[in-house]
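Close look at the chain arrangement
Here is how the chains run, residue by residue.
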Amino acid sequence: MSAVQEEEFDVVVVGGGPAGSTLGSLVSMQGHRVLILEKETFPRYQIGESLLPSTIHGICELLGVTEELAQAGFPRKKGGTFRWGASTTPWNFSFSVSPKIAGRTSFAYQVERSKFDKILLDNAARKGAVVRENSAVLDVFEDGGRVAGVVYRDVDGAEHRVRATYVVDGSGNTSNLYKRVGGTREYSEFFRSLALFGYFENGARMDEPYRGNIFCEAFPSGWFWYIPLSDTLTSVGAVVRREDAAKIQGNPETALNNLIAESSTVKGFLSGATRVTEGQYGDIRVRKDYSYHNTSFWRPGMILIGDAACFVDPVFSSGVHLATYSGLLAARSINSVLAGTVDEKDAFDEFEARYRREYGVFYEFLMSFYDMHVDENSYFWSAKKVTSSSHTELESFVELVAGMSTTGFELNDAEAAAVRFKENSTEFSDAIDTMNAQNEQNMAPLFKSAVVRKAMQEGAQVQTRAQLGEDAGDESPLFQGGLVASSDGLSWVRSE
């Protein structure tokens, strides 16, 4: 190892996905030396094609790629359409529900991640980051109890050492590098699901203005996603409970077809479609254990972002949002510490508290969302009912927020949490019924629902600051005594 030449950077980012490339760009924009190490060659396949407006009009605005995304030809997503809940009639959720993102920014995109992720990684290189693909990080090394750099192997098999003030793990859910931060990875009992998914050509499309929406349909064994990626290409996946793993074993083509046959609308959408069998979309894939969080997100010299830190559930398209949002938060902390304006502990405590809060908000929202579906004859759905058991499925969430008074969640025990979740899901369901009764013209009842409002709050704040900059006005601390974003959104400052 002594013969290996050692380089020095301010920051080494492991992984060039949306989390890593977001952080790499925002730290490079402040003049710091950033190295991004990506084990694969972009473009490469990745799941998670449905985005939220705060990613496009907030973080991507800060990154400077909104025009490039607009020219990429991605379908516009104005919201979501769901066959979910007590009614068998599909209902629509529009992003214009929030007055903060109404108008020209009340849409997102459905993206082919191979194209979207390459846009973000190429942008990081343009912003000044050094990007090295085919570079697999083997481990981190320490100096005086602090993470001080990484060892990686290049495409030719040669090993390299890179010393850095910070190592950022954005390598996703499959890497073991997160263990070097310490703590453990806790999996949710509530979201213990499996997904079986593939891609189809010439599936049907909904009528305008919902043509670009994600469509989600609950069915007896679980739920389907149906995401239009182009005029002809569609991502289709079925989510089932882990106890029903037998439904996705054996021949994957047969298993997926059998699940499609259980559906109602998705089955009709695919009646004239053909599954893609070649290229990056040619395989039928399985993913498991959607929801988890690590008990530690950082230690001196090392930070976890994106799926390396936590992931919740795909039903409301929060994956890329949480990834890019965590990249933004960690970039603010790194920029502030390297500039000497905020001490390390305060900066990264702010990062972790905000990231955990956002994860917790979506966790609570999605539990309420699942609970509002009425199908007592289905094992999948009755098992998801928050108040139908001894509440063991709440343990992961209670562990996540217990003792963190700054999160805004008031949890005394799982019983109290279950009651509140039931109230939230009832409020959410009533809002949808009211909205449908008004022919979907007035989205205000849905926005007044507590779980919807909280899920959109922070994303709308990021979006507003990215759009208005200093004109957005002073920001209030999210937590008592906490930090706020600088006027350019790239650092933390102390609130006056």
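Since the model is a prediction, treat every value here as computed from it, not as a measurement.

Criteria and thresholds
Residues numbered from 1 in each chain as written. Predicted model: local features only at pLDDT ≥ 70, side-chain atom pairs only at ≥ 80, totals over all residues. Heavy atoms only, no water. Helix = DSSP H or I, 4+ residues; strand = E, 2+ residues; numbered from the N terminus. Buried < 20%, exposed > 50% of the residue type's maximum accessible area, 1.4 Å probe, protein only. Contact = heavy atoms within 4.5 Å. Areas by Shrake-Rupley, 256 points an atom, 1.4 Å probe, with all protein chains shown as cover. Expected span 1.5 Å × (residues − 1). Polar contact = N/O pair within 3.5 Å; in protein donor to acceptor, adjacent residues only side chain to side chain. Pairing = 2+ DSSP bridges. Axes fitted to C-alpha atoms, helices over the stretch in contact; angles between N-to-C directions. Core = buried A, V, L, I, M, F, W, Y, C linked by side-chain atoms within 4.5 Å. Parallel < 35°, antiparallel > 145°, perpendicular 65-115°, else oblique. Left-handed = near helix turned anticlockwise from the far one by under 90°. Nonpolar A, V, L, I, M, F, W, Y, C, P; charged D, E, K, R; others polar. Salt bridge = Lys/Arg side-chain N within 4 Å of Asp/Glu carboxyl O. pLDDT = per-residue confidence, 0-100. Phe/Tyr/Trp six-rings, centres within 6.5 Å; stacked < 30°, edge-to-face > 60°.

1. Topic: the overall build of the protein
- Along the backbone of the protein there are 13 helices and 23 strands.
- The buried share of the protein, reckoned over its 496 residues, is 59%.
- In the protein, of all internal contacts separated by at least 6 residues, the share reaching a separation of at least 24 is 72%.
- Total accessible area computed for the protein in this model is approximately 19000 Å², and 45% of it derives from carbon and sulfur atoms.

2. A closer look at helix H8 (residues 344–371)
- Between its first and last C-alpha, H8 extends 40 Å over 28 residues, near the 40 Å set by a 1.5 Å rise per residue.
- By the N-cap criterion, in which a side-chain oxygen at the helix start approaches the backbone nitrogen of a residue two or three places on, H8 is capped by Asp343, the distance to Lys345 being 3.3 Å.

3. Structural notes on the pairing of strand S4 (residues 79–83)
- Judged by how many residues are buried, S4 sits mostly within the fold: five of five residues are covered.
- Of the strand pairs in this sheet, S4 and strand S5 (residues 91–94) are connected by four bridges, and their pairing is antiparallel. In the strand pairing of S5, Gly79 is matched with Ser94.
- Relative to strand S13 (residues 214–219), S4 runs parallel, the two sharing four bridges. By the bridge assignment, Thr81 is partnered in S13 with Phe215.

4. Looking at the sheet that holds strand S21 (residues 310–311)
- Across the sheet, three strands lie side by side as S11-S18-S21; this open sheet has antiparallel pairing. What marks the edges here is a single partner per strand, and that holds for strand S11 (185–187) and S21.
- Looking at chain direction, strand S18 (residues 292–294) and S21 are connected through two bridges and run antiparallel. Among the inter-strand pairings, Tyr292 is bridged to a residue of S21, identified as Phe311.
- Seen against the sheet, H8 touches S18 and S21 and runs at an angle of roughly 165° to S18.

5. A closer look at the nonpolar core
- Grouped together as the largest cluster of nonpolar side chains are 107 residues, with contacts concentrated most on Leu23 and Ile303.
- Once residues within four sequence positions are removed from consideration, Ile303 is found in contact with Tyr166, Val167, Val168, Asp169, Phe297, Trp298, Ala330, Ile334, Phe348 and Phe351.
- Ala238, Ala245, Leu259 and Phe269 belong to the second-largest nonpolar core, a separate cluster that totals 21 residues.

6. Considering the packing of helix H2 (residues 53–63) against helix H7 (residues 319–339)
- Contact geometry for H2 and H7: axes closest at 10 Å, N-to-C directions at 25°. With respect to each other, H2 and H7 are oriented roughly parallel. By crossing handedness, the relation of H2 to H7 is classed as left-handed. Facing H2, whose interface residues are Ser54, Thr55, Ile59 and Leu62, H7 presents Val320, His321, Thr324, Tyr325 and Leu328.
- Looking at side-chain class alone, the contact of H2 with H7 contains five nonpolar, four polar and no charged residues.

7. Section: the pattern of salt bridges
- For the coordinates displayed, the defined rule picks out 24 salt bridges.
- Notably, a salt bridge pairs Asp10 with Arg33, separated by 3.2 Å at the nearest N-O pair. Placement of the pair is Asp10 in strand S1 (residues 6–14) and Arg33 in the loop between helix H1 (18–28) and strand S2 (34–37), with a sequence separation of 23 residues.
- Here Arg126 ties to Glu68 by a salt bridge, and the two come within 3.0 Å at their closest N and O atoms. With Arg126 in helix H4 (residues 113–126) and Glu68 in helix H3 (residues 66–70), the pair connects residues that are 58 residues apart, well separated along the chain.
- Each of Glu6, Asp143, Arg161 and Arg163 takes part in one network of salt bridges that share partners.

8. Things to note about the packing of H1 against H2
- Contact pair H1 / H2: the axes reach a minimum separation of 9 Å and the direction vectors enclose 45°. It follows that H1 is oblique to H2 by the angle criterion. Contacts between H1 and H2 involve Thr22, Ser25 and Leu26 from the first element and Ile59, Leu62 and Leu63 from the second.
- A class-by-class count of the residues in the contact of H1 with H2 yields four nonpolar, two polar and no charged.

9. Details of the confidence of the model for the protein
- When pLDDT is averaged along the protein, the result is 84, and 80% of the positions lie at 70 or above.
- Ignoring residues within four places in sequence, the model shows residues 399–412, a span with pLDDT below 50, making 25 contacts including any to other chains.

10. Comments concerning the side chain of Ser25
- Summarising the element assignment, Ser25 is placed in helix H1.
- Polar side-chain contacts of Ser25 include one of 3.4 Å to the backbone nitrogen of Ala124.
- Those residues in contact with Ser25 that sit more than four places away from it in its chain are Leu63, Leu120, Asn123, Ala124 and Lys127.

11. With respect to the packing of aromatic side chains
- All chains considered together, the criterion is met by 16 aromatic pairs.
- With 5.2 Å between their ring centres and 50° between their planes, Tyr166 and Phe348 make a pair best called tilted. Separated by 182 residues along the polypeptide, Tyr166 in strand S10 (residues 159–169) and Phe348 in helix H8 bring together distant segments of the chain. Across the pair, Phe348 and Tyr166 agree in class, each one buried.
- Where Tyr187 meets Tyr292, the ring centres are 5.6 Å apart and the plane angle is 55°; that geometry is what we call tilted. Of the two residues, Tyr187 sits in strand S11 while Tyr292 sits in strand S18, which places them 105 residues apart along the sequence.

12. Here's the deal with unusual backbone geometry
- Note that the residue after Phe42, namely Pro43, is joined by a cis bond; omega there is 0°.
- With respect to the helices, strands and loops of the structure, Pro43 is situated in the loop between S2 and H2.
- Phi at Asn134 is positive, roughly 55°, even though this residue is not glycine.
- Note that Asn134 resides in the loop between strand S7 (130–132) and strand S8 (136–143).

13. Thoughts on the environment of Val34
- Assignment of secondary structure puts Val34 in strand S2.
- Here the alpha-carbon distance between Val34 and Phe9, two residues 25 residues apart in the chain, equals 6.0 Å.
- Dropping the residues within four chain positions of it, Val34 is found in contact with Phe9, Val11, Val13, Gly24, Val27, Ser28, Ala129 and Val130.

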